[in-house]
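Single-letter residue listing:
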Amino acid sequence: MKKLFIETLGCAMNVRDSEHIIAELTQKESYELTQNLNEADLIIINTCSVREKPVSKLFSEIGKFNKVKKEGAKIGVAGCTASHLGKEIIKRAPYVDFVLGARNVSKITKVINKKHAIRSEAKTLIITICLTLNKGASYLLKNSLILSALLVSLFFSIPSIF
């Protein structure tokens with residue numbers, strides 16, 4: 001059986017998305033979850049933009065995982081940071097096999113076998129909320145343009161949420 005190692009960095013939404021990724025891969029692709037990075041056939045880092053220094057933490061983890069992964073194992077990046085960096089991740093770390101942005105976790109089975117697949121169509125709502133949470137509510141209230149963008153994003157995202 002193929003082994004899956006997943007590291008979740010960040011918020012509650014990422015924890016939920018990691019659970020969804022695990023369910024998709026165990027049910028549809030016959031993966032088994034492992035806590036041992038060295039035996040994993042697939043390594044996924046699920047990232048969050050709200051974390052302190054998310055980009056440097058992401059590339060640090062990717063580099064570390066690339067050094068210790070077993071031969072033939074794949075590395076994928078998912079989550080908010082993947083949404084806004086997209087193909088930049090593969091440019092900076094060409095050994096990353098795929099990038100899967102936030103709200104695309106249901107497409108995990110479509111990207112794991114495509115070298116350098118990128119599904120990072122970030123919904124404006126996700127990025128706006130992540131960036132706003134990082135700055136704080138007072139920042140939002142002081143910046144009417146961002147508040148307007150958030151409200152417009154929310155309006156257009158509601159049908160896709162339900």
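Definitions and cut-offs
Residues numbered from 1 in each chain as written. Predicted model: local features only at pLDDT ≥ 70, side-chain atom pairs only at ≥ 80, totals over all residues. Heavy atoms only, no water. Helix = DSSP H or I, 4+ residues; strand = E, 2+ residues; numbered from the N terminus. Buried < 20%, exposed > 50% of the residue type's maximum accessible area, 1.4 Å probe, protein only. Areas by Shrake-Rupley, 256 points an atom, 1.4 Å probe, with all protein chains shown as cover. pLDDT = per-residue confidence, 0-100. Contact = heavy atoms within 4.5 Å. Pairing = 2+ DSSP bridges. Right-handed = clockwise from strand over helix to strand, strands pointing away. Phe/Tyr/Trp six-rings, centres within 6.5 Å; stacked < 30°, edge-to-face > 60°. Lys NZ or Arg CZ within 6 Å of the ring centre and 35° of its normal. Salt bridge = Lys/Arg side-chain N within 4 Å of Asp/Glu carboxyl O. Core = buried A, V, L, I, M, F, W, Y, C linked by side-chain atoms within 4.5 Å.

Quick look at the overall build of the chain now. When helices and strands are counted, the chain shows eight helices and six strands. Burial status across the chain gives 43% buried among its 162 residues. Total accessible area computed for the chain in this model is approximately 8700 Å², and 56% of it derives from carbon and sulfur atoms.

Moving on to the confidence of the model for the chain. Put simply, the chain has an average pLDDT of 79, and 70% of its residues get 70 or more. Note on residues 122-128: pLDDT is under 50 here. Beyond four places in sequence and across chains, it has 19 contacts. In this model residues 155-162 is a low-confidence stretch, pLDDT under 50, and it forms five contacts with partners more than four residues away in sequence or in other chains.

Relative to strand S2 (residues 31-33), strand S1 (residues 2-8) is paired through three bridges, and the arrangement is parallel. Following the sheet pairing, Lys-2 is matched in S2 by Tyr-31. On the question of chirality, the crossover connecting S1 to the parallel S2 by way of helix H1 (residues 12-28) is right-handed. Bridging between S1 and strand S3 (residues 42-47) involves five bridges; their strand directions are parallel. Note that in S3 the partner of Thr-8 across the bridge is Asn-46.

Here the focus is the packing of aromatic side chains. Aromatic ring pairs are reported here in terms of the distance separating the ring centres and the angle at which the planes meet. Applying the stated criterion across every chain yields a total of one aromatic pair. Between Phe-5 and Phe-65, the aromatic rings sit 5.7 Å apart at their centres with planes inclined by 85°, giving edge-to-face as the arrangement. Taken together, the residues span a long stretch of sequence, with Phe-5 in strand S1 and Phe-65 in helix H2 (residues 54-68) at a distance of 60 residues. Each of the two residues, Phe-5 as well as Phe-65, counts as buried. If you follow Arg-92 out to its NZ or CZ, it ends over the ring of Phe-59, 3.8 Å from the centre.

Here we come to the pattern of salt bridges. Counting across every chain of the model gives eight salt bridges. Here Arg-16 and Asp-17 are joined by a salt bridge, their closest N and O atoms 3.3 Å apart. Overall, the relative accessible area of 8% leaves Asp-17 in the buried class. Measuring nitrogen to oxygen at the nearest pair gives 3.4 Å for the salt bridge that ties Lys-64 to Glu-61. Highlighted residues: Lys-64 and Glu-61, both in helix H2, separated by three residues, approximately one helical turn. On the basis of relative accessible area, Glu-61 is assigned to the buried category, the value being 5%.

Leu-58, Ile-62, Ile-89 and Val-96 are the most contacted members of the largest nonpolar core, which has 19 residues in total. When residues of this core are traced back to their parent elements, those giving at least two are S3, H2, strand S4 (74-79), helix H3 (80-85) and helix H4 (87-92). With four residues, H2 is the single largest residue contributor to this core. Those residues in contact with Val-96 that lie beyond four places of it in its chain are Ile-62, Ile-75, Val-77, Ile-89, Ile-90, Lys-115 and His-116.

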